[in-house]
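A structural walkthrough
The residues making up each chain are set out below.
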Amino acid sequence: MTKSWNSIFILIVLLLFALLYSFIIANKKTTPLTAPELVHRLGQGDTIIKSVEVHPDEGYISGELLLPPGSEPQPYRVDLPKPISMEDVMRLYERAGINLQEEPAGIPLPKVKPTPLFLSLVGPMMVFILPVLLFGFFYFFMVKQAQASGGQALSFGKSRAKLLTDKPNVSFKDVAGVSEAVEELHEIVEFLKEKKKFISLGAKIPKGVLLVGPPGCGKTLLARAIAGEAGVPFFHMSGSDFVEMFVGVGASRVRDLFEQAKRHAPAIVFIDEIDAVGRQRGTGLGGGHDEREQTLNQLLVEMDGFDTNSGVILIAATNRPDVLDPALLRPGRFDRRVVVDKPDYKGREEILIIHSRETPLDDDVDLRLLARRTPGFSGADLRNLVNEAAILAARENGKKVTMHHFEEATERVMAGPTRRSRVISEKEKKVIAYHESGHAMAMYYSGDLDPIHKITIIPRGMALGYTMQLPGEDRYLTTRSELLQKIKAALGGRVAEEVIFQEQTTGASDDLQRVTDLARRMVMDFGMSTKLGPITFGNRHGGSVFLGRDMMEERNYSEEIAYEIDKEVDAIVTSAYEDVKSIMSTHIDRLHALATALLERETLDAEEVRLLMEGQELPPESVSRPQPPSSGTLTPVEEPGRETPRREPGIGGLAPSPS
């Protein structure tokens, strides 16, 4: 019924426009004539004037004329004083020498066209009626649009939360690698389904659950799984939806959100990226925002204020818990903090199995081996890895995805695509070969580092070459000796350049930056300085810098200690540098052998590196390296002290010269 009325209304508006066209626009196309001109034309007969129509009430004469003779008829109009009588018309004909009583041949006779009563009344009023009708049409259109969109067009203070009507096809079975987080959240779903089991023991359902973890680890996926498993109304929105330029809108939306959730209780509310609205209050630069703070205040009251908020569970996700307001994190608001971290080896294997369900895999694909080669990968990284492998297989018109595709996809995800089109001179190619060979030498003779898996001088991504290692297991702790070995491995490229060419290049800039940062952290963060002792320096907060809190922070050590810190950092780097230089000088023949083989083959695998280090000859390339070549993981310079390993560009990623 509503659609039919809308159609009728639109039809009326179109008719009104048609009338306006007939009254205004059409008249602009006629040829205006004066009375003497009409008399002159009438004297020439019907070769010029084809018809004469008299409109007595409207005060004009119209018709068709041929100008020039023999052309297409054109409308004309002669305006005369109103009203026009037939005596006036006869006088015009008489002035042209025409006697109408004799009915002369070849002369058009006048015809009277009286104006209809309806048009005579409506026409003059059209100028006033049309604007009113247009205004009414647009008002009616806006109201209907506002009703169709739930009143959002005219209601800034209403919540933008969406009530999930269709049950998602995601369940806890589709979530892997975060078994502890799944267990914590499964209890909430179980509480909603079996309340008596918990109430009989005096347990209360948590009011809020905060999902914390790095990007891409599955926080939003867990929320989808809860929506698919809970069986209760599920509201979801982003933290940025609360923030507006209008004062008071954010707080109003918070109130409206919880009012909707209470009407559907028991219900679950999911707020993604809650740090957009939950940042610390009163922090000034980078955090101070009156409208955001008022929105946060209202959120705090709704979660645990004077009025109880029973039946509504708030689930929020963020990767910046360090910037959230302490009042938001306390028990009673967020009773549980669930860490959704990067998966371990077993979790990565489970994630790869889930994401490769619909991917036809070749028999040589070993997902367990692939999981070992991807430490520090998040769930999103692994999904991207499987997708890249499938794309590579489709590019080759393959029917199945092979292990070669997965190995190439791993390197693409970690370092970028191969850049074989980059033209490198023979001189620079030689420098790159010795640089990467220096990294490999330092790794091989340092001892406890992960075994070398691959060396290449083929540019990939931003690196001109890189050295890869294959970690045997995930590591969560790092010893002082391991950190020193990592520093030596990173210095291997620069030392090899100096030993062979007695020159330094800009390619080692990234290696030196990592060496300096790691040595400084050993002294300031890990208390590994033999001279300064087990003391940390500087009040550093975990995570990224938050200007509202960290900009004006003062260091907690004197200038004398700062000088000692610089000396300790210099001592660590200098000692490692001398050790690596001694290795290069002692085994200079191995360095030449590695670099020569790299220049010939461009890529060396683990077995070829081992043979060269043992002083043996390499077999022919077609025999020594299976096709396609295997892949490992880029050597990470880990940040010790973190709970999980992370993935970073590899040692030996020779950087191009700065522009």
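Rules behind the numbers
- Residues numbered from 1 in each chain as written.
- Predicted model: local features only at pLDDT ≥ 70, side-chain atom pairs only at ≥ 80, totals over all residues.
- Heavy atoms only, no water.
- Helix = DSSP H or I, 4+ residues; strand = E, 2+ residues; numbered from the N terminus.
- Buried < 20%, exposed > 50% of the residue type's maximum accessible area, 1.4 Å probe, protein only.
- Contact = heavy atoms within 4.5 Å.
- Areas by Shrake-Rupley, 256 points an atom, 1.4 Å probe, with all protein chains shown as cover.
- Pairing = 2+ DSSP bridges.
- Patch = residues over 30% accessible without salt bridge, like charges linked within 9 Å, V, L, I, M, F, W, Y side chains within 5 Å.
- Salt bridge = Lys/Arg side-chain N within 4 Å of Asp/Glu carboxyl O.
- Lys, Arg positive; Asp, Glu negative; His and termini not counted.
- Charge placed at Lys NZ, Arg CZ, Asp CG, Glu CD.
- Expected span 1.5 Å × (residues − 1).
- pLDDT = per-residue confidence, 0-100.
- Phe/Tyr/Trp six-rings, centres within 6.5 Å; stacked < 30°, edge-to-face > 60°.
- Lys NZ or Arg CZ within 6 Å of the ring centre and 35° of its normal.
- Core = buried A, V, L, I, M, F, W, Y, C linked by side-chain atoms within 4.5 Å.

Structural notes on the overall build of the chain
Secondary structure assignment for the chain yields 22 helices and 15 strands. Residue burial in the chain is summarised as follows: out of 659 residues, 44% are buried. Long-range contacts, defined here as pairs at least 24 residues apart, represent 72% of the contacts in the chain between residues at least 6 apart. For the chain, the exposed surface amounts to about 34800 Å²; the carbon and sulfur share of it is 56%.

Considering the pairing of strand β9 (residues 267–272)
Here is the key point about a regular strand: its side chains alternate between the two faces of the sheet. Among the six residues that make up β9, six are buried, leaving the element largely enclosed by the rest of the structure. Across the two faces of β9 the burial is the same, with Ala267, Val269 and Ile271 and Ile268, Phe270 and Asp272 all buried. Pairing geometry for strand β8 (residues 234–238) and β9, over five bridges, is parallel. Directly across from phenylalanine 234, in β9, lies its bridge partner isoleucine 268. Where β9 meets strand β10 (residues 312–318), six bridges bridge the pair, whose relative direction is parallel. Within β10, the position partnered with isoleucine 268 by the bridge is isoleucine 313.

Overview of a negative patch on the surface
Taken together, the side chains of Glu180, Glu183, Asp344 and Glu350 make up a negatively charged region of the molecular surface. With respect to the secondary-structure elements, glutamate 183 resides in helix α5 (residues 179–193).

Here we look at helix α19 (residues 559–586)
Between the first and last C-alpha of α19 there are 41 Å, a value that for 28 residues agrees with the 40 Å anticipated at 1.5 Å per step. Among the residues of α19, those classed as buried are Ala562, Glu564, Ile565, Glu568, Val569, Ile572, Ala576, Tyr577, Val580, Ile583 and Met584. Of the surrounding elements, those touching the buried residues of α19 are α15 (426–446), α16 (480–501), α17 (509–524) and α20 (588–601).

With respect to the confidence of the model for the chain
Per-chain confidence: the chain averages 77 in pLDDT, with 72% of residues scoring 70 or above. Here residues 623–651 is modelled with pLDDT under 50, and outside its nearest four sequence neighbours on either side it reaches 99 contacts, counting other chains as well. Residue range residues 655–659 is modelled with pLDDT below 50. Its contacts to residues more than four positions away, or to other chains, number 11 contacts.

Considering the pattern of salt bridges
Oppositely charged side chains may form a pair once their charged atoms are brought near each other. Taken as a whole, this structure holds 23 salt bridges when the rule is applied. Across the pair arginine 520 and aspartate 566 runs a salt bridge whose closest N-O atoms are separated by 3.2 Å. Residue arginine 520 is located in helix α17, and its partner aspartate 566 is located in helix α19; the two are separated by 46 residues in the primary sequence. We classify arginine 520 as partly exposed; its relative accessible area is 28%. Residues participating in the shared-partner salt-bridge network are Glu408, Glu411, Lys454 and Arg460.

Topic: the packing of aromatic side chains
Applying the stated criterion to the full structure yields five aromatic pairs. Ring centres of phenylalanine 234 and phenylalanine 270 lie 6.5 Å apart, and the angle between their planes is 25°; this geometry places the pair in the stacked category. Of this pair, phenylalanine 234 sits in strand β8 while phenylalanine 270 sits in strand β9, and the two are 36 residues apart along the sequence. Note on accessibility: phenylalanine 234 and phenylalanine 270 belong to one class, buried. With a centroid separation of 5.1 Å and an interplanar angle of 80°, the aromatic rings of tyrosine 444 and tyrosine 445 are classed as edge-to-face. Classification of tyrosine 444 as partly exposed rests on a relative accessible area of 36%. Take tyrosine 445: its relative accessible area is 28%, and that puts it in the partly exposed class. Its guanidinium or amino end placed over the ring of tyrosine 345, arginine 372 lies 4.1 Å from that ring's centre, counting from NZ or CZ.

Focus: helix α8 (residues 249–263)
If you check α8, its first and last C-alpha atoms are 21 Å apart, about what 15 residues at 1.5 Å a residue would give, namely 21 Å. Buried residues of α8: Val249, Gly250, Ala251, Arg253, Val254, Asp256, Leu257, Phe258, Gln260 and Ala261, and no others. The inward-facing, buried residues of α8 contact β8, β9, α9 (290–304) and β10.

Examining the pairing of β10
The buried count for β10 comes to seven of seven residues, which makes it a mostly enclosed element. Inspection of the sheet shows strand β7 (residues 208–212) paired to β10 by five bridges, in the parallel sense. Along β10, the bridge assignment pairs glycine 208 with leucine 314.

A few points about the nonpolar core
Formed by 47 residues in total, the largest nonpolar core has its most connected members in Ile455, Ile487, Ile565, Leu591, Leu594 and Leu604. Elements represented by at least two residues in this core include exactly α15, β12 (452–456), α16, α17, α19, α20 and α21 (606–613). Setting aside its immediate chain neighbours within four residues, leucine 594 contacts Ser437, Ala440, Met441, Ile455, Leu604, Leu612 and Met613. In this structure, Phe172, Ile188, Ala317 and Val340 belong to the second largest nonpolar core, which totals 28 residues.

Quick notes on unusual backbone geometry
Residue glutamate 273 is not a glycine yet carries a positive backbone phi of 55°. In this structure, glutamate 273 sits in the loop between β9 and α9.

Thoughts on the environment of isoleucine 583
Turning to its location among the elements, isoleucine 583 is positioned in helix α19. On the basis of relative accessibility, which here comes to 16%, the residue isoleucine 583 falls in the buried class. Through-space distance from the C-alpha of isoleucine 583 to that of glycine 492 is 9.4 Å; in sequence the pair is 91 residues apart. When sequence neighbours within four positions are dropped, the list of residues in contact with isoleucine 583 reads Met441 and Tyr445.

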